[in-house]
Amino acid sequence: MEEQRVVMLNKYEYGMIINSLNELRTKLIRENKSTEFVNELLLRLLNIPIRKRTIFQRERVSNER
C-alpha cells in the first residue's frame, strides 16, 4: 500500500508551493527537460479538496442551575 501524508496549509503556504512548482516547471521547460512529474504534482495539488476547520467549538450547556 502506498504511504500517504497529510499536510495542513494556510492559503499563503499553499500559494507558495504552487508558485515554486510552477517556477520549477518553467525552468525545466527552458532547459528542454521533462516536466511530466512536476505537471502531475501541480495537477494533484490544484485539484485537492479544501477542508475547512472550525476554530471555535460549541460548548455544551447543561440545564442545571
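Okay, so let's go over this structure. (Residues numbered from 1 in each chain as written. Predicted model: local features only at pLDDT ≥ 70, side-chain atom pairs only at ≥ 80, totals over all residues. Heavy atoms only, no water.)

What follows covers the environment of Tyr-14. Its location among the elements puts Tyr-14 in helix 1 (residues 11–30). The spacing of Tyr-14 and Leu-46 is 32 residues in sequence and 9.6 Å in space, taken between C-alpha atoms. With sequence-adjacent residues up to four places away left out, Tyr-14 is seen in contact with Leu-9, Leu-45, Leu-46 and Ile-48. (Helix = DSSP H or I, 4+ residues; strand = E, 2+ residues; numbered from the N terminus. Contact = heavy atoms within 4.5 Å.)

Moving on to the pattern of salt bridges. Close approach of charged atoms allows side chains of opposite charge to pair. A complete count under the given rule lists two salt bridges for this structure. A salt bridge links Arg-5 to Glu-3; its shortest N-O distance comes to 2.9 Å. When sorted by exposure, Arg-5 lands in the same class as Glu-3, which is exposed. (Salt bridge = Lys/Arg side-chain N within 4 Å of Asp/Glu carboxyl O. Buried < 20%, exposed > 50% of the residue type's maximum accessible area, 1.4 Å probe, protein only.)

Turning our attention to helix 1. The terminal C-alpha atoms of helix 1 lie 29 Å apart, and with 20 residues this matches the ideal 28 Å at 1.5 Å per residue to within 8%. Within helix 1 the residues assigned to the buried category are Ile-18, Leu-21 and Leu-28. In a view along the axis of helix 1, the buried residues occupy a sector of 85 degrees, so they form one face of it. Facing away from the buried surface of helix 1 by more than 90 degrees, the exposed residues are Lys-11, Tyr-12 and Arg-30. Tucked into the core, helix 1 has its buried residues touching helix 2 (36–46). Its side-chain oxygen 3.0 Å from the backbone nitrogen of Tyr-12, Asn-10 forms the N-cap of helix 1. Residue Asn-32 follows helix 1 closely and has a positive phi angle near 55 degrees. (Expected span 1.5 Å × (residues − 1). Arc of directions from axis to C-beta. Polar contact = N/O pair within 3.5 Å; in protein donor to acceptor, adjacent residues only side chain to side chain.)

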